[in-house]
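Survey of secondary and tertiary structure
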There are 2 protein chains.
Amino acid sequence: MLQESSVDSSGSRFAPLVVLELASDTKEEAITWLLSRIRDRQQNGGAELLVEQLGPGIGVKEKENPNMFLVGASMQRLLCGAEDLGLFKECTDGSMRAFTFASKHNFKDFKGDGDSFLSMAECQYVIKHELDTLRAKEETNVPGYSHAKLYPGKSIIRRLLSKGILIQMFPLHEKEELKRLSFSWYKKVKLSLQPLDDIRHYYGEGQALYFGFLEYFTFALVPMALIGVPYYLFDWEDYDKYVVFAVFNLVWCTVILELWKRRSASLAYYWGTLCRKKAFEEPRPGFHGVLGHNPVTGRAEPIYPTSKRHLRVYLVSLPFVLLCLYLSLYVMMIYFLMEGWALSIYDENPTFWTHILLFIPSIIYAVVIEAMNLIYRYAAEFLTEWENHRLESSYQNHLVLKVLVFNFFSCFASLFYIAFVMQDMELLRQSLATLLITSQILNQFMEAFLPYWLQRRRNKKMIRKVQKRRMYEEKELPLVEQVRLEADMSTYLGTFDDYLELFLLFGYVSLFSCVFPLAAVLVVLNNITEVYSDAFKMCRVFKRPFADPAANIGVWQLAFEAMSVIAVVTNCALIGMSPQVRSYFPESETQLILCTVAAEHVLLGFKFILTFLIQDVPKHIQDKLARLEFESLEALKKKRQLHGGKCWKPHSSVRLSSEEDSHFGFGSVFKC
Amino acid sequence: MLQESSVDSSGSRFAPLVVLELASDTKEEAITWLLSRIRDRQQNGGAELLVEQLGPGIGVKEKENPNMFLVGASMQRLLCGAEDLGLFKECTDGSMRAFTFASKHNFKDFKGDGDSFLSMAECQYVIKHELDTLRAKEETNVPGYSHAKLYPGKSIIRRLLSKGILIQMFPLHEKEELKRLSFSWYKKVKLSLQPLDDIRHYYGEGQALYFGFLEYFTFALVPMALIGVPYYLFDWEDYDKYVVFAVFNLVWCTVILELWKRRSASLAYYWGTLCRKKAFEEPRPGFHGVLGHNPVTGRAEPIYPTSKRHLRVYLVSLPFVLLCLYLSLYVMMIYFLMEGWALSIYDENPTFWTHILLFIPSIIYAVVIEAMNLIYRYAAEFLTEWENHRLESSYQNHLVLKVLVFNFFSCFASLFYIAFVMQDMELLRQSLATLLITSQILNQFMEAFLPYWLQRRRNKKMIRKVQKRRMYEEKELPLVEQVRLEADMSTYLGTFDDYLELFLLFGYVSLFSCVFPLAAVLVVLNNITEVYSDAFKMCRVFKRPFADPAANIGVWQLAFEAMSVIAVVTNCALIGMSPQVRSYFPESETQLILCTVAAEHVLLGFKFILTFLIQDVPKHIQDKLARLEFESLEALKKKRQLHGGKCWKPHSSVRLSSEEDSHFGFGSVFKC
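Cut-offs used in this document
Residues numbered from 1 in each chain as written. Chains lettered and ligands numbered in written order. Predicted model: local features only at pLDDT ≥ 70, side-chain atom pairs only at ≥ 80, totals over all residues. Heavy atoms only, no water. UniProt positions renumbered as here; feature names shortened; annotations may be inferred. Disulfide = S-S within 2.5 Å. Buried < 20%, exposed > 50% of the residue type's maximum accessible area, 1.4 Å probe, protein only. Axes fitted to C-alpha atoms, helices over the stretch in contact; angles between N-to-C directions. Helix = DSSP H or I, 4+ residues; strand = E, 2+ residues; numbered from the N terminus. Parallel < 35°, antiparallel > 145°, perpendicular 65-115°, else oblique. Left-handed = near helix turned anticlockwise from the far one by under 90°. Contact = heavy atoms within 4.5 Å. Nonpolar A, V, L, I, M, F, W, Y, C, P; charged D, E, K, R; others polar. Pairing = 2+ DSSP bridges. Phe/Tyr/Trp six-rings, centres within 6.5 Å; stacked < 30°, edge-to-face > 60°. Salt bridge = Lys/Arg side-chain N within 4 Å of Asp/Glu carboxyl O. Patch = residues over 30% accessible without salt bridge, like charges linked within 9 Å, V, L, I, M, F, W, Y side chains within 5 Å. Areas by Shrake-Rupley, 256 points an atom, 1.4 Å probe, with all protein chains shown as cover. Lys, Arg positive; Asp, Glu negative; His and termini not counted. Charge placed at Lys NZ, Arg CZ, Asp CG, Glu CD. Domains from an automatic or database assignment. Buried area = accessible area lost by both parts, 1.4 Å probe. Polar contact = N/O pair within 3.5 Å; in protein donor to acceptor, adjacent residues only side chain to side chain. pLDDT = per-residue confidence, 0-100.

Per an unreviewed UniProt entry, the recorded name for chain A is Anoctamin, and the organism is Oreochromis niloticus. Under the UniProt heading Subcellular location (unreviewed entry), the note attached to chain A is "Membrane".

What follows is the structure, given as structure tokens:
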């Protein structure tokens, strides 16, 4: 399963898994020190990994970075690392259990030395973990760099990263597996589900969950699209007939999110991440503060007071976000003014040029929106960095929240304004269609084709260079060139933008699709191409990302649920405004509003109850989890019975040695 | 700490902790079998407890039940039982850890043989657990009772209970400790907080959390009461000035519930229940079904299909509840009709007798409501029993939900009708005051004085009888008489009714106190007397209950939170209806309603965000929990390093014996 190519220069052969790229001007002493720390035995505080310098490429040597290192490990080391990480694997009896080296033969796919037991993504994840937790001992700074301070327990790799000495660390692609995966994923012509298990195997659980969600979301949209087509074809969509569609929307968006939780739990269970205990999270590389002691681990670590962070969040970031929201509303109002002005000019003097003028406000608005989103994104990243969160997860949550709120406003504010202030359903429909179609085209272009094109240009240059020299020697690209090619590829920045796009699409569909029933059809089509373009960019455009053992889609589940609540409110309001419903209350508008509000409250209450009734984890998986827990409790009892058996002979006073005491000292009980 | 009295009749001395009362006509062979199973060693599947028959009383022998048994255990047995239960105790370093016999000397209060390490309540809980998990082996039925079927793994005690052979099982009071507790709790004259730690020590965590919540709720009401008094005294409460009070209500009810979660987590942490793993829950005694195998434990157990239970819940119970709610609304409408009719008679002919007639409808309504609540309660219990829930917790949740919804309707429907349909604030105020005061008086009477009076009559008879015979022999009541006295005491049925009362009081205050600001004052006064009467009834009226190791107030937290959401909606509506706010929108009622609804949505959103921002567990306790988890992970790594050290010598191929393999087979990781 592992790449059998190896570094011949040193004589020792191992499968390279991860590449470390140091700055080209890194001092020799720092390199020697780092390599010795990586190679050192674990007893001495090393990572006990194999590491080799990458040989020079065939190309122009003067431009190449000589400080590229390939990292690998023996299979035994990887298995022990997997045990430390608490990876869950399937046992011979079909249950999922935390892998331990001692019980390795209980696991289903463990054969011989366990060569193909761990996927390459898992091996790379193990190596990343081992490198990340390689800690400074007595060093006070990185040799040769007096400003790169170290203290006992500080992660060396994170310090090297934060000081720019380590440029990047990335896992290598596996050509053969990638070819197989890309064939079954996006090159096949016949329609089929995505190979989620293979995606998980190659890219890890986080990626696979994203693609699983994308697929699920697409399927969930199919009924809506099927209803939408006849609505559109038979002109059912005159605006007093959208009530049925709004009611459908309302139920739909609640139910699919609840069912996704169950699907996600099933996937995560069989991928072994549902039960996995997360290791203690290290501070982010950029986290800074006064050196103190972590209250949990007791290790030396920078300490930054929570109160200070709260001050920054509530007194700076929050007002900034509110200001930006205000600004975006202001820009929207200017757009509506401009549009009104253009319309009045056209009405006065309807020529070709004034007709063109009608489109100008929309174009300006679209450009301004895109620019604002871009600037805001940078500002949000800067602010969240400045808030100095200790954990990457906390940083991500704050960033997602900031970006989400702004994007929601900039994308939907104009639609809300048209729907509820101007109450112009015809305009709403037009705007929605325009927004949806243009944003889809833009996205596909920006996301996949542009990076691919850039990448291709770079690659071609490299390949041409290589081929010029070795055309007649070998057919396959040698490892050295492959590594350098991959190092030059763009870095995949995570699923953030992909989820954000899905979130906005979900918003378009759930909020306003009742006035434009084709929205669901468009989104389904978009999602199908999205699968292909995302798959393509994962396989061809980007560096391979490290696996991310996610058990669910995290903060995005919350975001989608918040959107579904907003969708209930919006759809109720749209229903209340429909001429159909209005005709039931001809005499009193107050009555109409009160009824709408009452219905909305009932629906929100019902939605809330539904989230309780639909269990987040399917029963058979709950049973399996409970069974694991029960077994570990029983095993604990049995262990006590075997070791000493003190509790079963009431009047004996056998004492264990103090050492053995410490092993069984604290009731260690398995729990998911 | 344990009662040093003992059963002399048999010669062996032990501290009795729990009483088993079998039916007086129980067959001799069943008794012999049960006692031998209880006394049998654990290796042979027994409970390994000490058990003695209670000697005959001094009184009239022919009336006494001879089949009363005292159960106790050696200290070692109790400590091992505590380990099996995973009781958390404070260590010498101040942290809370699961008690294990092997590491007993690491625990703070462990001295000598550990005599006073476990509280009596804990010892009794251990014994209850051991008796509950005493399982049938090859017996197919209880000896002498062919209809009391048994199968391997069936809990013997639960079968005896469900067949009426075992009448009751209850823990004994400890006279000295009870005297101390009751003195510091309700007999002291000076004002002070309740001795929550002592309550927990004597009654267990579930009880202590109830009293903790009662105290917290009372303190939380104090600011509202302080604002309410000047409102009342200076006649601020004319009805166009209640806006400020409604806004205060709105914020108050959200914040106090969030803060209670933190307080509850703190209490539970220091009482050791926050981290405790719950043991696998056994089916309820009344649960029945076809004999099958539990998917979790693999043990033989009755199986009842979930789909059948769902059918019963959704097709029978739910319609029944809805029907009852409709009925209660119907009764309410009759009440309003009657009141209107009485008023019209009084208006026509205002004499003394017609004035009296004015009160008749209220009285009838109050009586009918009480009767309906009572009948409904029985019906709800019957239905929930019939739904055949496997777990006691699930039974309780369904019962609480049923009773809660009906009580909410019967208590508040008339108030809602007056407030929002009749829009008569003066009448609302009167009704609220009447309801609040009468329900308080009724409750205090029904809850404490009536049972106490009944109890006292019974006791007096008994004591007189005893004293007649032994007046000159001893001053203290002998153990035998004490046990028989306690067996005759009423059984405490749990905190259900107490929480229900608090829930309704919380409703009165949070929903409508803005129109009757004295409500908070009344509830504070009620709560203070409630503390005393509840404390009194716990100490004097009822049998001692078994401890209930609760980590929070469970389903009631949810109930209170649901009420606080309703309170936000109600208060917003009341604000929108106030003349003060109406005066801002003189021209358009639609505008007013839309603004009110918008404000309500913003507030609900804000409330939702607040629940996210206020962390449920205080930071320092989160740290402690994380530290425990981190330590256990580290300990696991260390253990691997010591045992075999396989992972640290990459090329060794040491194999553990298969037996040792199985001990470390599954990554047993501590988790809260």
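Once the structure has been displayed, the description carries forward.
**Quick look at the state of the cysteines**
All names here are of chain B. Counting across every chain of the model gives zero disulfides over all chains. Cysteine cysteine 514 is unpaired, with the sulfur of cysteine 572 as its nearest cysteine sulfur at 11 Å. The exposure class of cysteine 514 is buried, given its relative accessible area of 2%.

**Focus: the packing of helix H6 (residues 196-203) of chain A against helix H7 (residues 205-233) of chain A**
Residues and elements named next belong to chain A. Taken N-terminus to C-terminus, the directions of H6 and H7 make an angle of 150°; their axes are 7 Å apart at the nearest point. Of the possible angle classes, the one that applies to H6 and H7 is roughly antiparallel. As for the relative orientation of H6 and H7, their crossing is right-handed in sense. Residue-level inspection shows Leu196, Ile199, Arg200 and Tyr203 of H6 in contact with H7, the latter providing Glu205, Gln207, Ala208, Phe211, Gly212 and Glu215. Of the residues in the contact of H6 with H7, the class split is five nonpolar, two polar and three charged.

**Focus on the sheet that holds strand E1 (residues 18-22) of chain A**
All names here are of chain A. Spatial ordering of the open sheet is given by E2-E3-E1-E8, a layout of four strands whose pairing is antiparallel. Among the strands making up the open sheet, the edge pair consists of strand E2 (50-53) and strand E8 (166-171). On average, adjacent strands in this sheet sit at an angle of 20° to one another, irrespective of strand direction. Lying on the sheet, helix H3 (residues 120-132) is in contact with E1, strand E3 (68-72) and E8; it crosses E8 at an angle near 150°.

**A closer look at the packing of aromatic side chains**
Within the structure shown, the criterion is met by 74 aromatic pairs over all chains. Summarising the aromatic geometry, the rings of phenylalanine 408 of chain A and phenylalanine 412 of chain A are spaced 5.1 Å apart at their centres and angled 55° between planes, so their arrangement reads as tilted. With phenylalanine 408 of chain A and phenylalanine 412 of chain A both in helix H11 (residues 392-422) and four residues apart, the pair spans about one turn of that helix. Here the two residues phenylalanine 408 of chain A and phenylalanine 412 of chain A agree in accessibility, since each one is buried. Judged by centre distance (6.2 Å) and plane angle (50°), the rings of phenylalanine 408 of chain B and phenylalanine 416 of chain B are tilted.

**Focus on the sheet that holds strand E1 (residues 18-22) of chain B**
All names here are of chain B. The four strands lie next to each other as E2-E3-E1-E8, forming an open sheet whose pairing is antiparallel. The open sheet terminates on both sides in strands that have one partner only, identified here as strand E2 (50-53) and strand E8 (166-171). Taking the axes of each pair of neighbouring strands and ignoring which way they run, one obtains an average angle of 20° across the sheet. With five bridges connecting them, E1 and E8 associate as antiparallel partners. Bridge pairing in E8 places valine 18 opposite proline 171. Packed onto the sheet, helix H1 (residues 28-39) meets E1, E2 and strand E3 (68-72) and runs at close to 150° relative to E2.

**What about the environment of alanine 47 of chain B?**
Residue and element names in this part refer to chain B. Tracing the chain through its elements places alanine 47 in the loop between H1 and E2. Between the C-alpha atoms of alanine 47 and methionine 169, which are 122 residues apart in sequence, the distance is 16 Å. Beyond its immediate stretch of four places on either side in the chain, alanine 47 contacts Arg37, Ile38, Asp40, Gln42, Arg77, Glu130 and Leu134.

**Let's talk about the packing of helix H5 (residues 175-187) of chain B against helix H6 (residues 196-203) of chain B**
Residue and element names in this part refer to chain B. Across the interface, H5 lies against H6 with an axial gap of 10 Å and an inter-helix angle of 150°. Comparing the axis directions of H5 and H6 gives the class roughly antiparallel. Here H5 and H6 pass one another in a crossing that is left-handed. Along its contact with H5, which presents Glu177, Leu178, Leu181, Ser184 and Trp185, the element H6 presents Asp198, Ile199, His201, Tyr202 and Tyr203.

**Here we look at helix H13 (residues 479-488) of chain A**
Because an α-helix packs 3.6 residues into every turn, residues spaced three or four apart end up facing the same way. The element H13 of chain A is largely enclosed, with a buried count of eight among its ten residues. For H13 of chain A, the full list of buried residues reads Leu479, Glu481, Gln482, Val483, Arg484, Leu485, Glu486 and Ala487 of chain A.

**So, the environment of aspartate 198 of chain B**
Residue and element names in this part refer to chain B. With respect to the secondary-structure elements, aspartate 198 resides in helix H6. Overall, aspartate 198 belongs to the partly exposed group, its relative accessible area being 40%. Between the alpha carbons of aspartate 198 and arginine 180 there is a distance of 9.4 Å; along the sequence they are 18 residues apart. The contact partners of aspartate 198, leaving out residues within four places of it in the chain, are Leu181 and Ser184.

**Looking at the pattern of salt bridges**
Under the counting rule described, the total for this entry stands at 48 salt bridges over all chains. Glutamate 631 of chain B is the partner of arginine 97 of chain B in a salt bridge, and the nearest nitrogen-oxygen pair spans 2.7 Å. With arginine 97 of chain B in strand E5 (residues 96-98) and glutamate 631 of chain B in helix H20 (residues 619-642), this residue pair connects regions lying 534 residues apart in the sequence. Here arginine 97 of chain B falls in the buried class, since its relative accessible area comes to 6%. The class for glutamate 631 of chain B is partly exposed, based on a relative accessible area of 24%. Beyond isolated ion pairs, a larger network of salt bridges with shared partners links Lys89, Glu122, Arg200 and Glu205 of chain A.

**Quick look at a positive patch on the surface**
All names here are of chain A. Together, Lys175, Lys179, Lys187, Arg456, Lys460 and Arg540 line one region of the surface with positive charge. Among the secondary structure elements, those contributing two or more residues to the positive patch are helix H5 (175-187) and helix H12 (425-470). Ranked by residues supplied to the positive patch, first place goes to H5 with three residues. Along the polypeptide, arginine 456 turns up in helix H12.

**Comments concerning the domain arrangement of chain A**
Residue and element names in this part refer to chain A. On domain assignment, one finds that chain A holds domain 1 (18-172) and domain 2 (181-304 + 388-619). Computed over C-alpha atoms only, the centres of domain 1 and domain 2 are separated by 33 Å. If you look at the interface, domain 1 gives 37 residues, while domain 2 gives 38 residues. Here domain 1 and domain 2 share an interface that buries about 3300 Å² over both sides, 63% of which is from carbon and sulfur atoms. For the pair domain 1 and domain 2, the number of links is seven residue pairs in polar contact (both at pLDDT 80 or more). Within the residue set of the side of domain 1 that touches domain 2, elements represented by two or more residues are E1, E3, H3, helix H4 (156-162) and E8. Looking at the side of domain 1 that touches domain 2, its residues break down into 21 nonpolar, ten polar and six charged.

**Topic: unusual backbone geometry**
Of note in the backbone geometry, asparagine 388 of chain A takes a positive phi value of approximately 60° without being a glycine. By the secondary structure assignment, asparagine 388 of chain A is in the loop between helix H10 (352-386) and H11.

**Side note on the UniProt feature "transmembrane region" (unreviewed entry) in chain A**
This chain's UniProt record puts "transmembrane region" (unreviewed entry) on residues 208-233, 239-260, 313-336, 356-378, 399-420, 432-454, 502-525 and 553-575 of chain A. Counted over residues 399-420 of chain A, helix gives 100% and strand 0%. Its end C-alpha atoms are 30 Å apart.

**A few points about the confidence of the model for chain A**
Residues and elements named next belong to chain A. Across chain A, pLDDT averages 82, with 88% of residues at or above 70. When mean pLDDT is taken per element in chain A, helix H9 (residues 306-348) scores highest with 92 and helix H20 (residues 658-663) scores lowest with 33. Of the regions scoring below 50 in pLDDT, residues 648-672 engages in 60 contacts with residues more than four places distant in sequence or in other chains. What the predictor reports for the complex is a pTM of 0.86 with an ipTM of 0.82.

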